Amino acid sequence: MDPLLRRFRLIQIQYCSRILRGVCGVPAGFAAVRAVRKLPLVRDIINALVGYNRPFLTLQDATAVIAGYEGGGHHNSSYLSVKIPEAEKPRPGDYAALFHLERVASEVHRVFDLGGSVGNLFYCYSKQLHFPSDLRWTVFDLPETNKIGAELARSIQEERLHFTDRLMDADGYDVFISSGSLHYFQQPLADILAPLAVKPRYVIVNRAPLVDVPSLATIQDGGSYRLACMLHNRAGLIKGMEQLGYELVDSWDIRERSVMIPCYPDLSAKAYSGLFFRKA
């Protein structure tokens, strides 16, 4: 497709998606849409209007749909320019996680940060908590992002922060944190942790768009960037962790974020969630 036409298509998708989210935000509007959205002709029209902003079965399916659009992927500059400033100060959804980290701080010497970008969470939380000098905080992310993070850490002589692209490096860590990242993985949390020989004592899931329907994939449209994401089933996540020997200590809602799928508010995450698990 011609770049100009693709840009026009992108604007059209975003505009139509915004209108349909508004329509379905009204009970009568959603009732009308829900009554007809499965009809073949109506479904085809809706899919044409919203493009990539719809439900998918898998993360791979969602990723394929946005492949040709600008701003796709976690390594693009538009996405990183949004994520890096998050290290400046905590957001409302961070305080419950900070509370639980502070309570177990004396037991924590190694933290594994799933999808931690350039170390945003470490920089943010280190301003709020007293981390020991021997702390090892390891970020798992894409190689391109890890390179930027490692260069940043070196430039300020931060020796506690490390980077990896191997999930198995979480073996033997005290705390496993997934903050704003679990929805970028197709695997349920329990499947990520299961291969570890020595599983973390504590697990914090924060800023995760969980749903009470079967897990599905969709697209996060940030305007200048687009990311495929999973909306994991809440009960399934908790059950999977319990089967690994964890108990749920606390949970909280994070109203500052949501993932709303046009015409499918019943499948959407109206708020993000936080969960704190402890090895039983």
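So, how was this worked out
- Residue numbering note: each chain is counted from 1, following its sequence as written.
- Per-residue local features of the predicted model are confined to residues with pLDDT of at least 70, and side-chain atom pairs are confined, for both listing and counting, to 80 or more; whole-chain, interface and lining totals are unaffected and use all residues.
- As a rule here, side-chain values come from all non-hydrogen atoms in the structure, and water together with hydrogens is ignored.
- Only DSSP runs of H or I with at least four residues qualify as helices, and only runs of E with at least two residues qualify as strands; both kinds are numbered from the N terminus onward.
- Atoms counted for the radius of gyration: C-alpha only. Globule rule: 2.2 Å times the number of residues to the power 0.38.
- Burial classes: relative accessible area under 20% of the type maximum marks a residue as buried, over 50% as exposed, and values in between as partly exposed (1.4 Å probe, protein chains only).
- Only the protein chains shown count as cover for residues, and the accessible areas themselves come from Shrake-Rupley with a 1.4 Å probe.
- Counting rule for charge: Lys and Arg are taken as positive, Asp and Glu as negative, and neither His nor the chain ends is counted.
- The location of each charge is read from NZ of Lys, CZ of Arg, CG of Asp or CD of Glu.
- What makes a salt bridge here is a side-chain nitrogen of Lys or Arg within 4 Å of a carboxyl oxygen of Asp or Glu, nothing more.
- By definition in these notes, contact holds between two residues if any of their heavy atoms fall within 4.5 Å.
- In this analysis, strands are considered paired if DSSP registers two or more bridges between them.
- Lines fitted to the C-alpha atoms define the axes, with helices restricted to the stretch that makes contact. Angles between their N-to-C directions range from 0 to 180 degrees.
- Buried Ala, Val, Leu, Ile, Met, Phe, Trp, Tyr and Cys residues that are joined via side-chain atoms within 4.5 Å together make up what is termed a nonpolar core.
- Each Phe, Tyr or Trp ring (for Trp, its six-membered ring) is paired with any other whose centre lies within 6.5 Å, and the angle between the two planes then decides the class: stacked below 30 degrees, edge-to-face above 60, tilted in between.

Enquirer: Got a sec to walk through the overall build of the protein chain? Specific residues and values, please.
Expert: Each helix and strand in the protein chain was counted, giving 10 helices and 9 strands. The C-alpha atoms of the protein chain give a radius of gyration of 20 Å, which matches the 19 Å a tight globule of 280 residues would have. Once the C-alpha set of the protein chain is aligned to its principal axes, its extents read approximately 60 × 40 × 30 Å. Evaluated residue by residue, the protein chain yields a buried proportion of 48% over its 280 residues. Carbon and sulfur atoms make up 57% of the accessible area of the protein chain, which amounts to about 13,500 Å² in all. Averaging the coordinates of the 32 positive side-chain charges in the protein chain and doing the same for the 29 negative ones gives two points 6 Å apart.

Enquirer: Quick one: what's the story with the pattern of salt bridges, residue by residue and with numbers?
Expert: Using the criterion set out here, one finds 11 salt bridges in the structure. As a salt-bridge pair, arginine 201 and aspartate 174 come within 4.0 Å of each other at their nearest N and O atoms. With arginine 201 in the loop between helix H9 (189-193) and strand E5 (202-208) and aspartate 174 in the loop between strand E3 (161-164) and strand E4 (175-179), this pair connects stretches of sequence that are 27 residues apart. Judged by relative accessible area, which is 14%, aspartate 174 ranks as buried. Two residues, aspartate 212 and arginine 234, come together in a salt bridge whose shortest N-O distance is 3.6 Å.

Enquirer: Before we move on, can you summarise the environment of glycine 245 with the specific residues and values?
Expert: Structurally, the position occupied by glycine 245 is in the loop between helix H10 (234-243) and strand E8 (246-254). The partly exposed category is assigned to glycine 245, whose relative accessible area is 23%. Measuring from C-alpha to C-alpha, the distance between glycine 245 and leucine 129 comes to 28 Å, with 116 residues separating the pair along the chain. If we skip the residues at most four places from it in the chain, glycine 245 touches Arg278, Lys279 and Ala280.

Enquirer: Account for the sheet that holds E5, naming residues and giving values.
Expert: Spatial strand order, E3-E2-E1-E4-E5-E9-E8: 7 strands in an open sheet with mixed pairing. Each edge of the open sheet is held by one strand with a lone partner, namely E3 and E8. Direction aside, the axes of adjacent strands within the sheet are offset by 15° on average. As paired strands, strand E1 (residues 110-114) and strand E2 (residues 136-140) are joined by 5 bridges and run parallel to one another. When the sheet's bridge partners are listed, arginine 110 is paired in E2 with arginine 136. The strands touched by helix H8 (residues 143-155) within the sheet are E2 and E3, with E3 carrying the most contacts at an inclination of about 165°.

Enquirer: Tell me what's going on with the side chain of serine 17, and back it up with residues and numbers.
Expert: Tracing the backbone through its elements, the reader meets serine 17 in helix H1 (residues 3-24). Residues within four places of serine 17 in sequence aside, it is in contact with Val50, Asn53 and Pro262.

Enquirer: Can you tell me about the nonpolar core, naming the residues and giving the values?
Expert: Of all hydrophobic cores here, the largest spans 68 residues; its most connected members are Tyr125, Trp137, Phe176, Leu189, Val203 and Phe277. Dropping the residues within four chain positions of it, leucine 189 is found in contact with Phe176, Leu182, Val203, Val205, Leu237 and Met241. With 12 residues, the next largest nonpolar core counts Leu10, Ile66, Tyr69 and Ala228 among its residues.

Enquirer: Got a sec to walk through the environment of proline 90? Specific residues and values, please.
Expert: Mapped onto the fold, proline 90 is located in the loop between helix H5 (77-83) and helix H6 (94-103). Assessed through its relative accessible area of 13%, proline 90 is described here as buried. Spatially, the C-alpha atom of proline 90 lies 21 Å from that of histidine 162, the residues being 72 residues apart in sequence. Not counting chain neighbours up to four residues away, the residues in contact with proline 90 comprise Tyr95, Leu98, Cys124 and Gln128.

Enquirer: Tell me about the packing of aromatic side chains, and please be specific about residues and values.
Expert: The full count for this structure, using the stated rule, is 9 aromatic pairs. Taken together, a centroid distance of 5.6 Å and an interplanar angle of 65° make the contact between phenylalanine 122 and tryptophan 137 edge-to-face. With phenylalanine 122 in helix H7 (residues 120-126) and tryptophan 137 in strand E2, the pair connects residues that are 15 residues apart, well separated along the chain. Pair check on accessibility: phenylalanine 122 and tryptophan 137 agree, each one buried. Both rings, one in phenylalanine 131 and one in tryptophan 137, keep their centres 5.6 Å apart while their planes meet at 50°; by these two values the pair is tilted. For the pair formed by phenylalanine 131 and tryptophan 137, the shared burial category is buried.

Purely spatial values, then, with no claim about function.
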